[in-house]
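Reading the structure
One letter stands for each residue in the lines below.
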Amino acid sequence: QKNHSDNVQLLLRNMQGISNRAARFITVITLVAGGKVFQFEGILNGRIVEVPRGENGFGYDPVFLPDGFSNTLAEMTLEEKNKISHRAKAIEKLTKFISGNPIVDG
(Lines give C-alpha, C1' and ligand atoms only; values in the text may rest on other atoms or scores of the structure.)
Protein backbone atom coordinates (compact mmCIF):
# COMPACT_ATOMS: atom_id res chain seq x y z
CA GLN A 1 0.00 0.00 0.00
CA LYS A 2 1.29 3.43 -0.95
CA ASN A 3 1.69 6.24 1.55
CA HIS A 4 2.49 9.95 1.39
CA SER A 5 6.24 9.35 1.63
CA ASP A 6 6.16 6.82 -1.23
CA ASN A 7 4.21 9.28 -3.39
CA VAL A 8 6.68 12.10 -2.66
CA GLN A 9 9.64 9.87 -3.51
CA LEU A 10 7.99 8.78 -6.77
CA LEU A 11 7.35 12.41 -7.71
CA LEU A 12 10.96 13.37 -6.98
CA ARG A 13 12.29 10.42 -9.01
CA ASN A 14 10.03 11.35 -11.94
CA MET A 15 11.20 14.97 -11.78
CA GLN A 16 14.93 14.25 -11.72
CA GLY A 17 16.63 16.38 -14.36
CA ILE A 18 13.56 18.54 -14.92
CA SER A 19 14.35 22.24 -14.57
CA ASN A 20 10.78 23.57 -14.75
CA ARG A 21 9.48 22.56 -11.33
CA ALA A 22 6.43 24.84 -11.34
CA ALA A 23 3.44 23.29 -9.62
CA ARG A 24 0.08 24.25 -8.20
CA PHE A 25 -2.56 22.98 -5.87
CA ILE A 26 -6.14 23.61 -6.99
CA THR A 27 -9.38 23.23 -5.04
CA VAL A 28 -12.82 23.66 -6.56
CA ILE A 29 -15.87 23.80 -4.32
CA THR A 30 -19.23 23.34 -6.00
CA LEU A 31 -22.46 24.67 -4.52
CA VAL A 32 -25.78 23.63 -6.00
CA ALA A 33 -28.62 25.86 -4.83
CA GLY A 34 -31.92 26.89 -6.33
CA GLY A 35 -31.29 24.72 -9.37
CA LYS A 36 -28.07 26.59 -10.16
CA VAL A 37 -24.46 25.48 -9.93
CA PHE A 38 -21.81 27.79 -8.50
CA GLN A 39 -18.10 26.96 -8.44
CA PHE A 40 -15.36 28.56 -6.34
CA GLU A 41 -11.72 27.93 -7.20
CA GLY A 42 -8.65 28.34 -5.03
CA ILE A 43 -5.14 28.07 -6.46
CA LEU A 44 -1.78 27.98 -4.70
CA ASN A 45 1.15 28.34 -7.10
CA GLY A 46 4.64 27.23 -6.24
CA ARG A 47 7.33 24.79 -7.22
CA ILE A 48 8.57 21.35 -6.28
CA VAL A 49 11.83 21.40 -4.31
CA GLU A 50 14.43 18.68 -4.83
CA VAL A 51 14.63 17.49 -1.21
CA PRO A 52 11.68 17.16 1.22
CA ARG A 53 11.74 19.71 4.05
CA GLY A 54 9.59 19.94 7.17
CA GLU A 55 7.50 17.66 9.32
CA ASN A 56 4.09 19.37 9.31
CA GLY A 57 1.21 18.74 6.96
CA PHE A 58 0.69 15.74 4.72
CA GLY A 59 0.87 14.63 1.12
CA TYR A 60 3.17 16.75 -1.01
CA ASP A 61 3.61 19.49 1.63
CA PRO A 62 7.31 18.64 2.25
CA VAL A 63 8.21 19.28 -1.41
CA PHE A 64 5.84 22.15 -2.24
CA LEU A 65 7.35 25.64 -1.93
CA PRO A 66 4.66 28.31 -2.42
CA ASP A 67 5.60 31.29 -4.60
CA GLY A 68 6.94 34.15 -2.48
CA PHE A 69 7.86 31.96 0.51
CA SER A 70 11.10 30.41 1.72
CA ASN A 71 9.44 27.54 3.62
CA THR A 72 7.74 24.50 2.18
CA LEU A 73 4.17 23.87 3.32
CA ALA A 74 5.51 21.21 5.71
CA GLU A 75 7.80 23.80 7.34
CA MET A 76 4.89 26.17 8.03
CA THR A 77 2.62 26.11 11.02
CA LEU A 78 -0.96 25.05 10.38
CA GLU A 79 -2.03 28.67 10.89
CA GLU A 80 0.48 29.96 8.32
CA LYS A 81 -0.47 27.26 5.82
CA ASN A 82 -4.21 27.86 6.24
CA LYS A 83 -3.82 31.56 5.43
CA ILE A 84 -2.47 30.83 1.95
CA SER A 85 -3.88 27.41 1.08
CA HIS A 86 -5.86 26.65 -2.05
CA ARG A 87 -8.64 25.28 0.15
CA ALA A 88 -8.76 28.50 2.20
CA LYS A 89 -8.97 30.60 -0.98
CA ALA A 90 -11.87 28.53 -2.35
CA ILE A 91 -13.70 28.62 1.00
CA GLU A 92 -13.19 32.39 1.24
CA LYS A 93 -14.80 32.85 -2.19
CA LEU A 94 -17.70 30.57 -1.20
CA THR A 95 -18.18 32.43 2.09
CA LYS A 96 -18.19 35.85 0.37
CA PHE A 97 -20.68 34.57 -2.18
CA ILE A 98 -23.03 33.16 0.45
CA SER A 99 -22.83 36.24 2.68
CA GLY A 100 -23.69 38.47 -0.27
CA ASN A 101 -26.36 36.20 -1.75
CA PRO A 102 -29.10 34.93 0.50
CA ILE A 103 -29.63 31.80 -1.57
CA VAL A 104 -32.29 29.23 -1.13
CA ASP A 105 -33.30 27.69 2.16
CA GLY A 106 -33.63 24.23 0.71
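Below you will find a few notes about this structure.

Thresholds, definitions, all that
Residues numbered from 1 in each chain as written. Predicted model: local features only at pLDDT ≥ 70, side-chain atom pairs only at ≥ 80, totals over all residues. Heavy atoms only, no water. Helix = DSSP H or I, 4+ residues; strand = E, 2+ residues; numbered from the N terminus. Rg over C-alpha atoms; globule rule 2.2 N^0.38 Å. Buried < 20%, exposed > 50% of the residue type's maximum accessible area, 1.4 Å probe, protein only. Pairing = 2+ DSSP bridges. Polar contact = N/O pair within 3.5 Å; in protein donor to acceptor, adjacent residues only side chain to side chain. Phe/Tyr/Trp six-rings, centres within 6.5 Å; stacked < 30°, edge-to-face > 60°. Contact = heavy atoms within 4.5 Å. Axes fitted to C-alpha atoms, helices over the stretch in contact; angles between N-to-C directions.

Thoughts on the overall build of the protein
Tallying secondary structure elements over the protein gives three helices and three strands in all. Across the protein, helices and strands are ordered from the amino to the carboxyl terminus as α-β-β-β-α-α. The C-alpha radius of gyration of the protein comes to 17 Å, more than 25% above the 13 Å expected for a compact globule of 106 residues. Dimensions of the protein along its principal axes, counting C-alpha atoms only, are 50 × 30 × 25 Å. A burial count over the protein gives 28% of its 106 residues as buried.

Here we look at the pairing of strand E1 (residues 22-33)
Here E1 pairs with strand E2 (residues 36-48) via 12 bridges, running antiparallel. Bridge pairing links Val32 to Val37 in E2. Remark: two residues form the turn of the hairpin made by E1 and E2, two consecutive strands paired antiparallel; Gly34 in that turn has positive phi of roughly 60 degrees.

Here's the deal with the environment of Asn20
Mapped onto the elements, Asn20 comes out in the loop between helix H1 (4-14) and E1. A polar contact is formed between the side chain of Asn20 and the backbone nitrogen of Ala22, at a distance of 3.0 Å.

Examining the packing of aromatic side chains
In this structure the tally under the stated criterion is three aromatic pairs. Judged by centre distance (4.6 Å) and plane angle (45 degrees), the rings of Phe25 and Phe64 are tilted. Of this pair, Phe25 sits in strand E1 while Phe64 sits in strand E3 (residues 64-66), placing them 39 residues apart in sequence. For the pair Phe25 and Phe64, a shared accessibility class is recorded, and that class is buried. Measuring from centroid to centroid gives 5.2 Å for Phe40 and Phe97, while their planes differ by 55 degrees, and the two rings are tilted. Of this pair, Phe40 sits in strand E2 while Phe97 sits in helix H3 (residues 86-100), and the two are 57 residues apart along the sequence. Site record: aromatic cluster; members linked through ring pairs are Phe38, Phe40 and Phe97.

Quick look at the environment of Lys89
Checked against the element boundaries, Lys89 lands in helix H3. Residues Lys89 and Val37 lie 52 residues apart in sequence; the distance between their C-alpha atoms is 19 Å. Filtering out sequence-adjacent residues up to four positions away, Lys89 remains in contact with Gly42, Ile43, Leu44 and Ile84. Separated by 2.9 Å, the side chain of Lys89 and the backbone oxygen of Ile43 make a polar contact.

Observations regarding the sheet that holds E3
Taken in spatial order, the three strands line up as E1-E2-E3 in an open sheet, and their pairing is antiparallel. If you trace the sheet from one side to the other, it starts and ends with E1 and E3, each paired once. For this sheet, the mean angle separating the axes of adjacent strands, direction not counted, is 45 degrees. The pairing of E2 with E3 spans three bridges and is classified as antiparallel. Bridge assignment links Ile48 to a residue of E3, and that residue is Phe64. Strand contacts of H3: E1 and E2, with the helix running at about 150 degrees to E2, the strand carrying the most contacts.

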